[in-house]
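Understanding the architecture of this molecule
So you can see what is in the structure, the chains are spelled out below.
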Amino acid sequence: MFRRLKDIETRYQDLEGLLSSPDVVSKPSVYQKYAKEHADLYDLVENYREYEKISARIEEDQILLRGNDDELKEIVKEELPQLKENLQLLEDKLKFLLLPKDPNDDKNVFFEIRAGTGGDEAGLFAGDLFRMYAQYAEKRRWKVEIISSNPAGGMGGFKEIIALVEGKGAYSKLKYESGVHRVQRVPVTESQGRIHTSAVTVAILPEAEEVEVTIDPNDLRIDVYRSSGHGGQSVNTTDSAVRITHLPTGLVVTCQDEKSQHKNKAKAIKVLRARLLDIMVQKQNTEISETRKTQVGSGDRSERIRTYNFPQGRITDHRIGLTIYNLEAFLDGDIQDVIDALSTHFQAAALKRSIS
């Protein structure tokens, strides 16, 4: 591990030289490539240098312990345990930083929220989840753009809503949200005060680049139709809504939120590309090995990942057995603690696999 870290530090120093080279500075695309690599290595190199510094300090202290200065030896004895503890913490951190990075972590994401079992109540909770993720994104200063939506009716909420979240590291933070979210609460229409259980499905998909997923226009059937409009809004009188069917896979994407047919088509193609990338990744993960089961959830949309219990004000994430009692704040977008816990759990599982 430390030989690899030394090689990485050498590469980091080489990059510093390249970034100050006039030949590189004059070529923006090359400079940007090296700058990104340099930034990606920063945390690893800084922590490695701190590790080396503390290691050297421990060696010096151990030499002093063999000396004749009793007063100095007492000081060293008090200092060494903390230094060794810091060294171990840094070693653990370096192991995590050396884990292969998910290539999608820095990407924007599409999140697709669909009402499942539970009728109107499921639609209402789909709206609650959309608001939760939108407020979380706002806290992180990410941009949220609704791609398409299908209102659930007079009660409010959504049968389905798809949105694009644009922001640095969006996928790395939201990727563990895929799955079935279960809600337990008394619906507003329930006169007997009985608790109902409903479900909403969430899919988190990294935005795919054209170079990653090439779509053959001959594989698409594109239908245009008149937008149905949204409650209270005037119905669109032009054929601006777009439905795209990917013939090889049978995937269907519709978009009608824009008044322009061209904009709706462009948005639908983006969603289709993300779904095709998701299919490719899922297939690769299945083919690699069964060890993927040790990750935090499978990302399978059929897997129940979390329960929101309103009577108890409780959220339980079933993958890591975590229960917290701040439901109101959680639904207001205060979800970072759970995201961090999931990320830590996943990293620990990945580290365990890497050394087994």
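Everything discussed here concerns the structure shown above.
Throughout what follows, the structure given in this document is the object of discussion. All values derive from a computational prediction rather than experimental measurement.

Within the secondary structure layout, arginine 275 lies in helix α7 (residues 261–288). A relative accessible area of 12% means that arginine 275 is categorised as buried.

The strand order across the open sheet built from 8 strands is β2-β3-β1-β5-β4-β9-β10-β11, with neighbouring strands paired in mixed fashion. With one partner strand each, in any of the chains shown, β2 (143–151) and β11 (322–324) form the two edges of the open sheet. Each strand axis lies, on average, 15° off the axis of its neighbour in the sheet, ignoring direction. Of the pairings in the sheet, the one linking strand β9 (residues 304–309) to strand β10 (residues 314–317) comprises 4 bridges and is antiparallel in character. When the bridges of β10 are listed, arginine 306 appears paired with aspartate 317.

This part covers the packing of helix α1 (residues 2–19) against helix α4 (residues 70–98). Two elements in contact, α1 and α4, have axes separated by 12 Å at closest approach and are oriented at 70°. With respect to each other, α1 and α4 are oriented roughly perpendicular. Here α1 and α4 pass one another in a crossing that is left-handed. Across the interface between the two elements, Phe2, Arg4, Leu5 and Ile8 from α1 touch Glu91, Leu94 and Leu98 from α4. Of the residues contributing to the contact of α1 with α4, the split by class is 5 nonpolar, no polar and 2 charged.

With that settled, the discussion passes to unusual backbone geometry. Negative phi values dominate among residues other than glycine, just as trans dominates among peptide bonds. In this model, arginine 141 sits at a positive phi of 60°, which is unusual for a non-glycine residue. Counting through the fold element by element, arginine 141 comes out in the loop between α5 (120–139) and β2. Exposure remark for arginine 141: the relative accessible area of 80% places this residue in the exposed category.

For the coordinates displayed, the defined rule picks out 8 aromatic pairs. A centroid spacing of 6.0 Å and a plane angle of 45° characterise the contact between phenylalanine 111 and phenylalanine 130, whose relative ring orientation is tilted. Residue phenylalanine 111 is located in strand β1 (residues 109–115), and its partner phenylalanine 130 is located in helix α5; the two are separated by 19 residues in the primary sequence. Residue phenylalanine 111 is classed as buried on the basis of its relative accessible area, which comes to 0%. Cluster of aromatic residues (ring-pair linked, three or more members): Phe111, Phe130, Tyr133 and Phe158. The ring of phenylalanine 310 has arginine 185 sitting right over it, with the charged end atom 4.7 Å from the ring centre.

Let's shift gears to the sheet that holds strand β7 (residues 241–246). Adjacent strands of a sheet pair through backbone hydrogen bonds, lying either parallel or antiparallel. One open sheet holds the 3 strands; their spatial order is β6-β7-β8, and the pairing between them is antiparallel. The outermost strands of the open sheet, each flanked by one partner alone, are β6 (220–225) and β8 (251–255). Going across the sheet, the axis of each strand differs from the next one's by a mean of 15°, ignoring polarity. Across 6 bridges, the pairing between β6 and β7 is antiparallel. In the strand pairing of β7, arginine 221 is matched with threonine 245.

Turning to the nonpolar core, a few remarks are in order. One finds Phe111, Ile113, Leu129, Met132, Tyr133 and Tyr308 to be the most contacted residues of the largest nonpolar core, which totals 34 residues. Ranked by residue count, the leading element in this core is α5, at 8 residues. Ignoring any residue separated from it by four or fewer positions in sequence, one finds leucine 129 in contact with Ile113, His181, Val200, Val202 and Tyr308.

Parameters and conventions
- Residues numbered from 1 in each chain as written.
- Predicted model: local features only at pLDDT ≥ 70, side-chain atom pairs only at ≥ 80, totals over all residues.
- Heavy atoms only, no water.
- Helix = DSSP H or I, 4+ residues; strand = E, 2+ residues; numbered from the N terminus.
- Buried < 20%, exposed > 50% of the residue type's maximum accessible area, 1.4 Å probe, protein only.
- Pairing = 2+ DSSP bridges.
- Axes fitted to C-alpha atoms, helices over the stretch in contact; angles between N-to-C directions.
- Parallel < 35°, antiparallel > 145°, perpendicular 65-115°, else oblique.
- Left-handed = near helix turned anticlockwise from the far one by under 90°.
- Contact = heavy atoms within 4.5 Å.
- Nonpolar A, V, L, I, M, F, W, Y, C, P; charged D, E, K, R; others polar.
- Phe/Tyr/Trp six-rings, centres within 6.5 Å; stacked < 30°, edge-to-face > 60°.
- Lys NZ or Arg CZ within 6 Å of the ring centre and 35° of its normal.
- Core = buried A, V, L, I, M, F, W, Y, C linked by side-chain atoms within 4.5 Å.

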